[in-house]
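Close look at the chain arrangement
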Amino acid sequence: AVGALCRALPPRARPAPDTLRRAKFDRPQASLDFWRLLYALLKQIHGGKWTESDGTDNQIRFVKSALWYHGYGRPELYRLPSDGSAGSRELLLAFSWLLHRLSLLEQLLARNRVKTGDETSVCTCEDDLPNSQKGTTEIAPEYGLDDRVDVRYLQWLNGRLRFQWRSLHAQHQEQCKLLHKIHLFTSGSHMDQTLGHFSVIETDLIKQPENYKQLLQLLESETMQLEAFLEWKQLEPVYWQWMETVLDNMAEEGNMCESQDAHVEKSGLPKATSCCPWADSLTGQIDRLSRDLMTLRDQLHELVTHRKAAWYEKVKTREEELQKEWFSATARKIKESVELKLLDLASLCDPKKNKMHGSCRLVFRSKHPASGFGRSVSKEPVSAVSATEVIRELQMREASLERELKQLQEECRQRLDEIAEGLEGVICISP
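Residues numbered from 1 in each chain as written. Predicted model: local features only at pLDDT ≥ 70, side-chain atom pairs only at ≥ 80, totals over all residues. Heavy atoms only, no water.

**Some remarks on the overall build of the chain**
Of the regular secondary structure elements, the chain holds 13 helices and 2 strands. A burial count over the chain gives 23% of its 431 residues as buried. Considering only intrachain contacts with a sequence separation of at least 6, the fraction spanning at least 24 residues in the chain is 71%. About 32,200 Å² of surface is accessible on the chain, with carbon and sulfur atoms providing 56% of the total. (Helix = DSSP H or I, 4+ residues; strand = E, 2+ residues; numbered from the N terminus. Buried < 20%, exposed > 50% of the residue type's maximum accessible area, 1.4 Å probe, protein only. Contact = heavy atoms within 4.5 Å. Areas by Shrake-Rupley, 256 points an atom, 1.4 Å probe, with all protein chains shown as cover.)

Here is the structure:
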């Protein structure tokens, strides 16, 4: 199973099976190799370029930050030294966690597949953050900001990001125009009825036929990796059974350490004898304290019950007052907000509606398609998604985000007004 897993990984990040076996017994010789493996895999997942010349400390820092970003919360990994001299077993656990949690091999296969040049990424589903990151603003250990960041620097970063986003959008539009020209000029020339036109890579092969050897090598490499992945899927249960033995070894070593610590603590404690003169008096004091605590508990329970009744009475009176003034308006706003949230939730939980996510191939469709080689091109391919449907989904998502943004802006405005009221001698003018 370990060998099949190694063969299913990309060639540039493929470890030796002995690396995983050494990591099971926490051998320090495998630590550095495992850091490099995780660095190469996570770099590919995040779409970055990596080189073997990167420093070890930079690789380890990136791996720790990336694992924290994906929600890996085992503190033992973040305490590992930055020179890669220890912790191979912890790295094996992190690697296995990535396999299960992120579907690591599937993502790598999708990213390393041979591109036809006609793909585009489509995502109409909600953002799926790890559970450990929802509602928290924590930063990876040892990588937090020492000082507070200037607001002007954040504004500059925001402006730079918006400019790069616009540049990327313009480049994407230009790419779509060129792709449309290729599809339009080659319409009716393809033997496949579901396409009807050439892709970018097919057009390039027509112009430069000598490039077919390189394409053939890439396709053979991808085929070998897919075969290794199928072999891994058959042997995957064996690998997880092997990982259970790794956890058992860790538990046994942990129990041995705890027993040794307990033995040291017990040997350092004085042995109690039955002839201690202060034992009886101490027991009597404990009994008296227990009785006093029970009495205090009963008194507190009675006091809390009385306070709750008084508080409920005040709340009821306040509700009656609010109903006369602005309680109805506030309730109406809350009801509208809840209805909007329920609409979004219904759209998410609709079993008939499949959310689109991942890479799709762009196919040209015209009202009067030309036919080539005596064949007519079919109007819709199997499991096709029209651009109009994607645009409609994105517009609905945009409207939902706009409503949420306005609600958050209103809450921030009210909060700022409350803060401004508490400042004496300060006049705040809203923009």
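**Here's the deal with a nonpolar patch on the surface**
On the surface, Val149, Tyr153, Leu154, Trp156 and Leu157 cluster together into a nonpolar patch covering about 470 Å² of accessible area. Mapped onto the elements, Leu154 comes out in helix α8 (residues 151-185). (Patch = residues over 30% accessible without salt bridge, like charges linked within 9 Å, V, L, I, M, F, W, Y side chains within 5 Å. Salt bridge = Lys/Arg side-chain N within 4 Å of Asp/Glu carboxyl O.)

**Re the nonpolar core**
In this structure, Leu20, Leu67, Leu92, Phe95, Trp232 and Tyr239 are the most contacted members of the largest nonpolar core, which totals 47 residues. For this core, the secondary-structure elements that each account for two or more residues are α1 (2-8), α2 (17-24), α3 (31-45), α4 (56-69), α5 (75-78), α6 (88-101), α7 (104-111) and α10 (212-268). If you tally residues by element for this core, the top one is α3, at 9 residues. (Core = buried A, V, L, I, M, F, W, Y, C linked by side-chain atoms within 4.5 Å.)

**Looking at unusual backbone geometry**
Unusually for a residue other than glycine, Asp26 sits at a positive phi of about 60 degrees. Positionally, Asp26 belongs in the loop between α2 and α3. Residue Asp26 is classed as partly exposed on the basis of its relative accessible area, which comes to 34%. Notably, Ser103 is not glycine yet its phi reads approximately 50 degrees, a positive angle. Its location among the elements puts Ser103 in the loop between α6 and α7. Of the residues examined, Ser103 reaches a relative accessible area of 33% and is grouped as partly exposed.

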